[in-house]
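Structure at a glance
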Amino acid sequence: MAKKTRDKNQHHSMVGEVWHQFKKNRNAVIGLIVLCIFIIIAVFAPVIAPYGYDDQDATHTKIAPCREYPFGTDNLGRDVLSRIIHGSRYSLMIGFLAVTISIIAGGILGVLAAFYPKLDNIIMRTMDLFMAIPQMLLAMCIVAALGSSLFNLMLAVGLSSTPQFARVVRASVLSTRGQEYVEAARAIGGSDFNVIVRHIIPNSLAPLIVQATLSMARAIISASALSFLGFGIQAPKPEWGAMLSAGRKYIRQCWWLTVIPGLAIMVVVYALNVVGDGLRDSLDPRLKK
Amino acid sequence: MLKFIIKRLLWIIPVLFGVAIIVFTILYFSPGDPALQALGDNASPEAIEAFNKDMGLDGTYFDRLVRLVTGLCKGDLGKSYKTRTPVINELVTKFKVTLRISAYAIILGIILGIFFGIISALYQNSIWDTLSTGVALFGISMPMFWQGLMLILLFSVILNWLPPSGYGTWQQMIMPVVALGVNSSATIMRTTRSSMLEVMRQDYIRTAKAKGQKFSTIVIRHALHNAMIPIITVIGLQLSALLAGSIVTEVIFSISGVGRYLVDSMTARDYAAVQGCVILIAFVSAILNLIVDIIYTFIDPRMKTMYESAGVKLNPKKLAKAAEVSNG
């Protein structure tokens, strides 16, 4: 019996183990499903959406949600549902790519800082300087400098959260660096690059994954806030923040123009947050039994 | 301890110069000519030249950087391109507004956050716990600007109870304060809950219970006191988040504070004003961080010894490390 359970445990890979823990968290699983649905919607947006995102119809303006237009139409007679569906592409793409940018930039800086004590002070003090500016402000300044476009918005949001990633990666690598297997890898003549890529990075991933999920939620909020303020994606593109900013003028007549895009942002961000929480709990070795 | 405070205050100076250089450099590469923006497209070349000279826009990158840094030493943040008056004057009046709203918001956030955090930690897995953790998760998932819009929709448009915009009367204060405060309270609540849950499992809590201590005393004196360090850290982080959050909130509620000034200046390409706002906000967050670090020592005397031992040598490396440790 004892042998059997041991065998069973041995067959668990790391991913399997995490999934096993993750499954127990009902909220997190629901969040994951919601996220998958949004990803499918984003990928197949042109197929799913009943209308194009900029199909104007002057005879059907400002129609309240009804059977034909489940989310109503806006002041130009565009179907809000179709715009929300197309808009999911922007939010998910910005969230995903902005975090990718900050993982790569922050990861390189963090690994360098942790691995080369000479660089540590220079890199981390510079990161501190950037962290002294609130993230949103930094992103605003970067967008102002680069000009507003989809790519620049992603770059601005990604760069502005790079210092946080550099910190997490550095801390995580520092704790991995002292482990015996790293010493062993060096003892058998592994180069710095080899040790970092083969041993340090895989073993420092856990906190990074959690940080990435939660950062994606924050990136989506920042990007939509920037678009809302007019620094991000411009009309007529159906970005949710930009839709809110356009619908704001009609708050007295058309409540759906301010409620629905915000709900869409909230649902995606909520899903990311519960998935992030779930991952953190299942990756935390203290909670493992 | 005093030595530690002075040293941290001195440490703010290089940070501020660093921030100023970063912001200046980013904005230096921004497209658009402030002179054309301010004077109109048909301005004569002489007028543009005079404007650039007056605003300190002539010269190379390094000339302007040196001018900025020397100005900063004298407490001069430059002149606004739009109004041609010193930025600092405008900032001071606007900052009072932002500060007042943020202060009320953080007080609201602390009260709600700690109260519900304790409740849900004490009655873990009860209906109250499920409810308040659920609401808190929604709270952190809601974009602050949308929350503001929803408040306007509910209380101004539908119920017609509160004015949708402006600043001055207490009715006008309610919605911006709630919009800002609820968001922070959600984060504070989550931290309070997890920190309290950890403390409530400790042996000394069992001892206190066993000796028949009153329940309220156990919760407040024994548990909350020991759970406070992460909570204070989060409150400190929330203070900076509030300053940034005030940008959207002020735009939505048409409050003329620093946040709205920043957005307006950014739109008008009034980069001197933008620079001033960013430097001011960085300065205020640095001071707030210092205050948080000092508060730690009141809650956990061990921190005091750590600061003092770090302060004996004039070593910024150790000081920064101590600050890092205390920041979590």
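A brief structural summary. Computed from a predicted structure; not experimentally measured.

Parameters and conventions
- Residues numbered from 1 in each chain as written.
- Chains lettered and ligands numbered in written order.
- Predicted model: local features only at pLDDT ≥ 70, side-chain atom pairs only at ≥ 80, totals over all residues.
- Heavy atoms only, no water.
- Helix = DSSP H or I, 4+ residues; strand = E, 2+ residues; numbered from the N terminus.
- Buried < 20%, exposed > 50% of the residue type's maximum accessible area, 1.4 Å probe, protein only.
- Contact = heavy atoms within 4.5 Å.
- Areas by Shrake-Rupley, 256 points an atom, 1.4 Å probe, with all protein chains shown as cover.
- Lys, Arg positive; Asp, Glu negative; His and termini not counted.
- Charge placed at Lys NZ, Arg CZ, Asp CG, Glu CD.
- Salt bridge = Lys/Arg side-chain N within 4 Å of Asp/Glu carboxyl O.
- Buried area = accessible area lost by both parts, 1.4 Å probe.
- Expected span 1.5 Å × (residues − 1).
- Arc of directions from axis to C-beta.
- Core = buried A, V, L, I, M, F, W, Y, C linked by side-chain atoms within 4.5 Å.
- Patch = residues over 30% accessible without salt bridge, like charges linked within 9 Å, V, L, I, M, F, W, Y side chains within 5 Å.
- Phe/Tyr/Trp six-rings, centres within 6.5 Å; stacked < 30°, edge-to-face > 60°.
- Axes fitted to C-alpha atoms, helices over the stretch in contact; angles between N-to-C directions.
- Parallel < 35°, antiparallel > 145°, perpendicular 65-115°, else oblique.
- Left-handed = near helix turned anticlockwise from the far one by under 90°.

1. Let's talk about the overall build of chain A
Within chain A, the regular secondary structure consists of 13 helices and zero strands. Going residue by residue from the N terminus, the α and β elements of chain A occur as α-α-α-α-α-α-α-α-α-α-α-α-α. Projected onto its principal axes, the C-alpha coordinates of chain A cover approximately 75 × 55 × 30 Å. Counting the 289 residues in chain A, one finds 49% classified as buried. A separation of at least 24 residues holds for 70% of the contacts in chain A among residues at least 6 apart in sequence. Here chain A displays about 14,000 Å² of accessible surface, and carbon together with sulfur accounts for 64% of that area. If the 28 positive side-chain charges of chain A are averaged to one point and the 17 negative ones to another, these points end up 5 Å apart.

2. A word on the overall build of chain B
When its secondary structure is counted, chain B shows 14 helices and zero strands. Ordering the α and β elements of chain B from the N terminus gives α-α-α-α-α-α-α-α-α-α-α-α-α-α. Projected onto its principal axes, the C-alpha coordinates of chain B cover approximately 85 × 60 × 30 Å. Counting all 328 residues of chain B, 51% fall into the buried class. In chain B, the share of contacts with a sequence separation of at least 24, taken over all contacts with a separation of at least 6, comes to 72%. Carbon and sulfur atoms make up 65% of the accessible area of chain B, which amounts to about 15,800 Å² in all. Here chain B contributes 29 positively and 19 negatively charged side chains, and the mean placements of these two sets differ by 13 Å.

3. Looking at the pattern of salt bridges
Tallied over the entire structure, the rule returns twelve salt bridges over all chains. Put simply, Arg125 of chain A and Asp128 of chain A hold a salt bridge, and the shortest N to O gap is 2.4 Å. Here Arg125 of chain A and its partner Asp128 of chain A are both found in helix 6 (residues 117–131), three residues apart, which amounts to about one turn of the helix. Residue classification places Arg125 of chain A among the partly exposed residues on the basis of a relative accessible area of 21%. Among the salt bridges present, the one from Arg8 of chain B reaches Asp293 of chain B, with a minimum N-O distance of 2.3 Å. Placement of the pair is Arg8 of chain B in helix 1 (residues 2–28) and Asp293 of chain B in helix 12 (residues 271–299), with a sequence separation of 285 residues. As far as burial versus exposure is concerned, Arg8 of chain B and Asp293 of chain B are alike and both buried. A single network of salt bridges, built from pairs that share partners, joins Asp54, Asp74, Arg78 and Arg83 of chain A.

4. Notes on the interface of chain B and chain A
Contact with chain B, which involves 49 residues of that partner, is made by 41 residues of chain A. Taking both partners together, chain B and chain A bury about 3,800 Å²; carbon and sulfur atoms supply 77% of that area. The interface formed by chain B and chain A includes one salt bridge. Two residues, Asp277 of chain A and Arg190 of chain B, come together in a salt bridge whose shortest N-O distance is 3.1 Å.

5. A few points about helix 3 (residues 26–43) of chain A
What sets the pattern is the α-helix's 3.6 residues per turn: residues three or four places apart point alike. Residues and elements named next belong to chain A. The end-to-end C-alpha distance of helix 3, which contains 18 residues, comes to 26 Å, matching closely the 26 Å that a straight helix rising 1.5 Å per residue would cover. Every buried residue of helix 3 is listed here: Ala28, Gly31, Leu35, Phe38 and Ala42. The buried side chains of helix 3 occupy one side of the element, clustering within an arc of 80° when seen end-on.

6. Concerning the nonpolar core
If you look at the biggest cluster of nonpolar residues, it comprises 168 residues, and the most contacted ones within it are Met140 and Leu229 of chain A together with Val278 of chain B. Examining the composition of this core, we find that 19 residues originate from one element, helix 10 (residues 215–252) of chain B, more than from any other. Sequence-distant contacts of Val278 of chain B, that is, excluding residues within four places in its chain, are made with Ile133, Leu137 and Cys141 of chain A together with Val19, Val23 and Leu262 of chain B. Core analysis: the second largest hydrophobic core is formed by eight residues, Val18, Phe22, Ala28 and Leu283 of chain A among them.

7. Overview of unusual backbone geometry
Glycine aside, negative phi is the norm for most residues, and most peptide bonds take the trans geometry. Residues and elements named next belong to chain B. If you check the backbone angles, Asn160 has positive phi at about 60° while not being a glycine. One non-glycine residue, Arg269, lies in positive phi territory at about 55°. For Arg269, the location among the structural elements is in the loop between helix 11 (258–267) and helix 12. A relative accessible area of 25% places Arg269 in the partly exposed class.

8. Examining a nonpolar patch on the surface
Judged by side-chain polarity, Ile39, Ile40, Val43, Phe44, Val47 and Ile48 of chain A come together as a nonpolar surface patch covering roughly 570 Å² of accessible area. Checked against the element boundaries, Val43 of chain A lands in helix 3.

9. Quick notes on the side chain of Ser132 of chain B
For Ser132 of chain B, the position within the fold is in helix 6 (residues 127–141). Excluding anything up to four places from it in sequence, Ser132 of chain B contacts Phe116, Ser120 and Met189 of chain B.

10. Here we look at the packing of aromatic side chains
Residues and elements named next belong to chain B. Taken as a whole, this structure holds 14 aromatic pairs over all chains when the rule is applied. When the ring of Phe115 is compared with that of Phe116, the centres are 5.2 Å apart and the planes differ by 80°; the resulting orientation is edge-to-face. Members of the aromatic cluster, joined through ring pairs, are Phe24, Tyr28, Phe29, Tyr61 and Phe62.

11. Focus: the environment of Phe283 of chain B
All names here are of chain B. By the element assignment, Phe283 lies in helix 12. Distance from Phe283 to Leu16, taken between C-alpha atoms, is 6.5 Å for residues 267 residues apart in sequence. Leave out the neighbours within four places in its chain, and Phe283 touches Ile12 and Leu16.

12. Focus: the packing of helix 1 of chain B against helix 12 of chain B
Packed helices, taken two at a time, are described by their axes: the angle between them and the distance between them. Residue and element names in this part refer to chain B. Closest axis-to-axis distance for the helix 1/helix 12 pair is 9 Å, and the angle between their directions is 155°. The orientation of helix 1 with respect to helix 12, classified from their angle, is roughly antiparallel. Both helix 1 and helix 12 take part in a crossing whose hand is right-handed.

13. Focus: the packing of helix 13 (residues 256–283) of chain A against helix 6 of chain B
Following both chains from N to C, one finds helix 13 of chain A and helix 6 of chain B inclined at 120°, their axes separated by 8 Å at the closest point. In this view, helix 13 of chain A runs oblique relative to helix 6 of chain B, as classed from their interaxial angle. Crossing hand, helix 13 of chain A versus helix 6 of chain B: right-handed. For the pair helix 13 of chain A and helix 6 of chain B, contact is made by Met266, Val269, Tyr270, Asn273, Val274 and Asp277 of chain A and by Gly134, Leu137, Phe138, Ile140 and Ser141 of chain B, respectively.

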